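Next come the chains, spelled out residue by residue.
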Amino acid sequence: AEVRVELETHSYTIHITAGGISRVGALMRDLFSGDKALIVTDENVYPLYAERLVTSLTAAGFTPAVITVPAGESSKSLVTSDFVYTKAITMGLDRKSPLIALGGGVVGDLAGFVAATYLRGVPFIQVPTTLLAQVDSSVGGKTAVNHALGKNLIGTFYQPGLVVIDTEALQTLPARELKAGLAEVVKYGVITDYDFLSYLKKNTDALLIPDLNVLTTVIAKCCQIKAGVVAQDEREDSLRMMLNFGHTVGHAVEAVGGYSEYNHGEAVAVGMHAAALISQRIGLCRQSHVDFLRNLLSSLGLPLQASGYLPKDLLSYLARDKKVVNGKINWVLMSELGQVTITREVSQAIIMEILSEITI
Ligand code: NAD
Ligand code: ZN
């Protein structure tokens, strides 16, 4: 499948296919004239997929180099960026030569940040290998590294010139990471499409296997939704905010757990549950909508609660969220399955009540 991301100055195509990694070189040849290329990957992905990508690039006439960073969130840093800049400079990567991210969201965000800033910007290609990166972080052009004082604080919008999603990579992805990606998949359904949610519900077993045919359909759908939203609001002024459904409480859960207890997708699952409960509590949606979402998340093996966490700890992180404007939180809430609305009018009392419910 192919999804086109239409942006004012830099449109690009997302290719979704089993075995996509072996096609990257050929797809690049049509777009980029440079002959060098730098692949950024992590130590888990390197032994699985780097050789395939290098072979593909070499066959297409590129001279690729590979830089491997440690796996995990700590690689999204200025220190690791500097390590990649040094490699780019010493190998003589020029303005026409692409930087390629091969890995999950960590590698994508890091490589994207380096691509945006090295020589004021070199061509950037995403080859996402986690489901989360395939449906979310590789599309939309947000890049960032972390600062000791907070996540994603240093970054920029920088669109890739090409995204190649190889569904076969999902076969080696640990089950926990697969489920984390499925949380974002559910999010796309909740914000835009009830039929898609029913499809997910019918196919929970296939999703968890993972059945690559079902996953291809699902990934294409998610990329289409995200591409549509990003095309209308590239820099997150308004519409794009709905992609944050479940992320307000989700980010707080992640942070309170020190970014180690719950991964991003798990935290977002808890956050979506919280958002649904708030929606129901203020009369925006029905109990049956909340029940549907809970069932779906549970059958995908995702958590609904951050048991044992303290509501006041979560609350203190909510206040620091980037979505806070003039001291008020922009809540993305569910009005129906397949539709969300944004409001700042949720009382502190209701927030605390729901935070208590999700920490039991
Ligand atoms: P990740 O990149 O850390 O990958 C998760 C783990 O899976 C890592 O250990 C990795 O080595 C391993 N892995 C990756 N692909 C594999 C494969 N095919 N087989 C086996 N193992 C594999 O984490 P992630 O969940 O992909 O991404 C999380 C990051 O993405 C966070 O830093 C988050 O802030 C960022 N993010 C960015 C955006 C955005 O719009 N830019 C959106 C969502 C999340
Ligand atoms: Zn997310």
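Residues numbered from 1 in each chain as written. Chains lettered and ligands numbered in written order. Predicted model: local features only at pLDDT ≥ 70, side-chain atom pairs only at ≥ 80, totals over all residues. Heavy atoms only, no water.

(A) The site of ligand 1, seen in detail. What surrounds ligand 1 is a group of 26 residues, the closest being Asp42, Glu73, Gly105, Thr130 and Thr172. Residue Lys142 places a main-chain N or O atom 2.9 Å away from a nitrogen atom belonging to ligand 1. Within the complex, 88% of the 860 Å² of free accessible area of ligand 1 lies under protein. Of all the elements in the fold, those that place two or more residues in the shell around ligand 1 are α2 (45–59), α4 (105–117), α5 (131–137) and β8 (150–157). Of the residues that constitute the shell around ligand 1, the class distribution is 9 nonpolar, 8 polar and 9 charged. (Near = heavy atom within 4 Å. Polar contact = N/O pair within 3.5 Å; in protein donor to acceptor, adjacent residues only side chain to side chain. Areas by Shrake-Rupley, 256 points an atom, 1.4 Å probe, with all protein chains shown as cover. Helix = DSSP H or I, 4+ residues; strand = E, 2+ residues; numbered from the N terminus. Nonpolar A, V, L, I, M, F, W, Y, C, P; charged D, E, K, R; others polar.)

(B) Main features of helix α11 (residues 264–281). The first and last C-alpha atoms of α11 sit 25 Å apart over 18 residues, in line with the 26 Å expected at 1.5 Å per residue. Counting buried positions over the 18 residues of α11 gives 15, a clear majority of the element. The opening residue of α11 is Asn263, an N-cap whose side-chain oxygen sits 3.2 Å from the backbone nitrogen of Gly265. (Expected span 1.5 Å × (residues − 1). Buried < 20%, exposed > 50% of the residue type's maximum accessible area, 1.4 Å probe, protein only.)

(C) Spatial organisation of the coordination of the zinc ion (ligand 2). For the zinc ion (ligand 2), the protein coordination sphere consists of Glu184 (OE), His247 (NE2) and His264 (NE2), at 1.9 to 2.1 Å. For the zinc ion (ligand 2), all donor residues lie on one chain, and their spacing in sequence is E-x62-H-x16-H. In this pair, Glu184 sits in helix α6 (residues 175–192) while His264 sits in helix α11, placing the two residues 80 residues apart along the sequence. On the basis of relative accessible area, Glu184 is assigned to the buried category, the value being 0%. (Donors = N, O, S within 2.8 Å, 3.2 Å for Na, K, Ca; no water.)

(D) Inspection of the domain arrangement of the protein chain at higher detail. Entries for the protein chain in the domain assignment read domain 1 (2–172) and domain 2 (175–214 + 232–357). The C-alpha-based centres of domain 1 and domain 2 are spaced at 28 Å. Each side of the interface is counted separately: domain 1 has 16 residues, and domain 2 has 18 residues. Roughly 1,500 Å² is buried in total at the junction of domain 1 and domain 2, and carbon and sulfur atoms are behind 61% of that figure. Three residues, Leu131, Leu132 and Phe157, lead the burial of domain 1 against domain 2; their summed loss comes to 32% of the area buried on that side. (Domains from an automatic or database assignment. Contact = heavy atoms within 4.5 Å. Buried area = accessible area lost by both parts, 1.4 Å probe.)

(E) Inspection of empty space enclosed by the protein at higher detail. Under the defined criterion, the tally for this structure stands at 1 cavity of 30 Å³ or more. By volume, the largest cavity amounts to about 40 Å³. Taken together, Asn244, Phe245, Gly246, His247, Thr248, Val249, Gly271, Ala275, Trp331 and Val332 make up the lining of the largest cavity. Broken down by secondary-structure element, the contributors of at least two residues to the lining of the largest cavity are α10 (247–256), α11 and β12 (331–336). Ranked by the residues each element gives to the lining of the largest cavity, the list is headed by α10, at 3 residues. (1 Å grid on protein atoms, 1.4 Å probe; cavity = no way out; pocket = protein on both sides within 12 Å on 5 of 7 lines; lining within 4 Å. Points joined across faces, edges and corners; volume = space filled by probe spheres on them.)

(F) The packing of helix α7 (residues 194–202) against helix α12 (residues 287–299), seen in detail. The contact between α7 and α12 brings their axes to 10 Å, and the two run at 40°. By the angle between their directions, the pair α7 and α12 is classed as oblique. Relative to α12, α7 is oriented so that their crossing is left-handed. Together, Tyr194, Leu197, Ser198, Leu200 and Lys201 of α7 and Phe292, Asn295 and Leu296 of α12 make up the contact between the two elements. (Axes fitted to C-alpha atoms, helices over the stretch in contact; angles between N-to-C directions. Parallel < 35°, antiparallel > 145°, perpendicular 65-115°, else oblique. Left-handed = near helix turned anticlockwise from the far one by under 90°.)

(G) Seen up close, the layout of surface pockets. Its boundaries defined by the atoms lining it, the second largest pocket holds a volume of some 240 Å³. Residue lining of the second largest pocket: 18 residues in total, with His10, Ser11, Tyr12, Pro160 and Gly161 positioned closest to the centre. It is strand β2 (residues 12–17) that provides the largest number of residues to the lining of the second largest pocket, a total of 3 residues. Split by residue class, the lining of the second largest pocket holds 7 nonpolar, 7 polar and 4 charged.

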